[in-house]
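What the coordinates show
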Amino acid sequence: MSLSFDRIKEKLNILADAAKYDVSCSSSGSVRKNSTKGLGDSSGMGICHSYTEDGRCVSLLKILLTNHCIFDCAYCVTRKSNDVQRAAFKIQEVVDLTINFYRRNYIEGLFLSSGIFKSPDYTMERLVAVAKKLRLEENFNGYIHLKSIPGASDELMREAGLYADRLSVNIEIPTISGLKLLAPDKKHEDFTKPMLKVKNEIIQYKSEKKIIKSTPKYAPAGQSTQMIVGATGESDKDIMYSATHYYKNYNMKRVYYSGYVPVAEDNRLPAIGTQVPMLRENRLYQTDWLLRFYGFGVQELLNNDHPNLDMDVDPKLGWALRNMQYFPVDINKADKSVLARVPGLGMKSVHKIINARRFRNLNWEHLQKIGVALNRAKYFIVCDSNKWEHRDMEGNKIKGLILQNSVGKFRKEYSNQLQLFS
């Protein structure tokens, strides 16, 4: 490498630490097979300290190209007014780090973001240059995720997608009003313009691929975005309506939710020492899952009467407790969409139930063998048995019974709720 080992190590410590606030890295959906005897293979690869379906831990080199930035966003640790140690990698240094880390089996790919220095196009051009060198000069076939720079030109966004597996533009603050409050130098359209370009390029690629098989891949793992949760006063309803907008209009693969970590003294932001809203972040991810895979509409889970998610119960259970008129559900007759709304029934359990009941009516013992979480589901279903029926129970009573017998990583945060039912 062109600089000393100590200087490279110092840069790596600074720029890897600065990158930890970005959670929007995922490799799902990308297939870039190694058919040229090059380095790496993104097929089946994952994210930094994440896990595949078979339990295998996978990792990416996750760094910033630089933490210098021309913007002064109040919520950002790399904003220009913040007194932090600054550093910047050269393009070749990132390439060398990626290849050397890969050869030592430390990583399976690269997640590269950056502060914005000089201009959006200047920064984006350097990010693209890293990916281009890895692909063309190093013959690297591992996973590459590039953070798209808000305000970058359409030409650079197109080129980025030819070398990266996934692109992402972090929307940062869920609402336009929140962005104006905390990042007045930025415009909402600077975020959405590159998103739209990526969406249209992916659509065009899929169309051309049907006719010309040799059409170069374009961002095969799609695009994602991230919202900061808790920096401004948005309700969960505001956040999820915004997320739904991006899924629908920009074909997002994923929207990530990142609990705000207080990094500055600013009267517009939560004070230093304020707890990071980890439980709220978890509930938003659960809601996101229900919207994408369980057939729920955002207005069912969050509306003017219920603008924020329950912290003591998950979103599906919360919805069920507010809508007891739909229960109990007959497990032997209900269709897939109805079964998917029963607390304790994941989609795997739903499919197992539908397959099993073709051969016999199911009772509690059968459901246990299938793996249904009966500690929750038993209050909302009936089956081929009279045991455990709770038709006359009100929602609050059911909630208390479930909470008394539940465990979870966030239990300490809502354990005081149990006192209401003692």
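Scroll up to find the structure.
Residues numbered from 1 in each chain as written. Predicted model: local features only at pLDDT ≥ 70, side-chain atom pairs only at ≥ 80, totals over all residues. Heavy atoms only, no water.

**Some points on the pairing of strand 7 (residues 223-229)**
A regular strand places its side chains so that they alternate between the two faces of the sheet. Inclusion rule: Residue burial is assigned from relative accessible area. The probe radius is 1.4 Å, only protein chains are included, and a residue is buried under 20% of its type maximum, exposed over 50%, and partly exposed in between. Every helix listed is a DSSP run of H or I at least four residues long, and every strand listed is a run of E at least two residues long, numbered separately from the N terminus. DSSP bridges decide pairing: two strands pair if at least two such bridges lie between them. Viewed with both strands pointing away, a crossover whose connecting path from the first strand over the helix to the second turns clockwise is right-handed.
Most of strand 7 is tucked away, with seven of its seven residues classed as buried. Taking every second residue as pointing to the same face, both faces of strand 7 are buried, with Gln-223, Thr-225, Met-227 and Val-229 on one and Ser-224, Gln-226 and Ile-228 on the other. With two bridges joining them, strand 6 (residues 166-168) and strand 7 adopt parallel strand pairing. In the strand pairing of strand 7, Leu-167 is matched with Gln-223. Here strand 7 runs beside strand 8 (residues 254-259); their pairing, made up of six bridges, is parallel. The residue bridging Met-227 from the neighbouring strand is Tyr-257, located in strand 8. Read from strand 7 through helix 7 (residues 236-250) to strand 8, the crossover connection turns out right-handed.

**Side note on the state of the cysteines**
Defined as follows: Any two cysteine sulfur atoms lying within 2.5 Å of each other are counted as a disulfide.
Evaluated as defined, the whole model comprises zero disulfides. Here Cys-69 is not disulfide-linked; the sulfur of Cys-76 is the nearest cysteine sulfur, at 6.3 Å. A disulfide-free cysteine, Cys-73 has its sulfur positioned 6.1 Å from the sulfur of Cys-76, the nearest such atom. Judged by its relative accessible area of 5%, Cys-73 falls in the buried class.

**A look at the nonpolar core**
The test is simple: Here, nonpolar core means buried Ala, Val, Leu, Ile, Met, Phe, Trp, Tyr and Cys residues that are tied together by side-chain atoms lying within 4.5 Å of each other. By definition, residues are in contact when any of their heavy atoms lie within 4.5 Å.
Tyr-75, Leu-367 and Phe-380 are the most contacted members of the largest nonpolar core, which totals 112 residues. Aside from chain neighbours lying at most four places away, what touches Phe-380 is Leu-317, Ala-320, Leu-321, Met-324, Phe-327, Pro-328, Val-329, Val-342, Pro-343, Ile-398 and Ile-402.

**Things to note about the packing of aromatic side chains**
Going by this rule: Classification of ring pairs uses Phe, Tyr and Trp, with its six-membered ring standing for Trp, and accepts pairs whose centres are within 6.5 Å; under 30 degrees between planes counts as stacked, over 60 as edge-to-face, and the remaining range as tilted. Any Lys NZ or Arg CZ found within 6 Å of a ring centre and within 35 degrees of that ring's normal is scored as a charge over the ring.
Scanning all chains against the criterion turns up ten aromatic pairs. When the centroid spacing of 5.7 Å and the interplanar angle of 85 degrees are considered together, the rings of Tyr-102 and Phe-140 count as edge-to-face. With Tyr-102 in helix 2 (residues 91-103) and Phe-140 in the loop between helix 3 (120-137) and strand 5 (143-147), the pair connects residues that are 38 residues apart, well separated along the chain. When its relative accessible area of 23% is taken as the criterion, Tyr-102 is described as partly exposed. Ring pairs connect the aromatic residues Phe-296, Trp-319, Tyr-326, Phe-327 and Phe-380, which therefore count as one cluster. Across the ring face of Phe-71, the terminal group of Lys-186 is positioned such that the distance to the ring centre comes to 5.4 Å.

As far as function goes, none of this settles anything; it's purely spatial.
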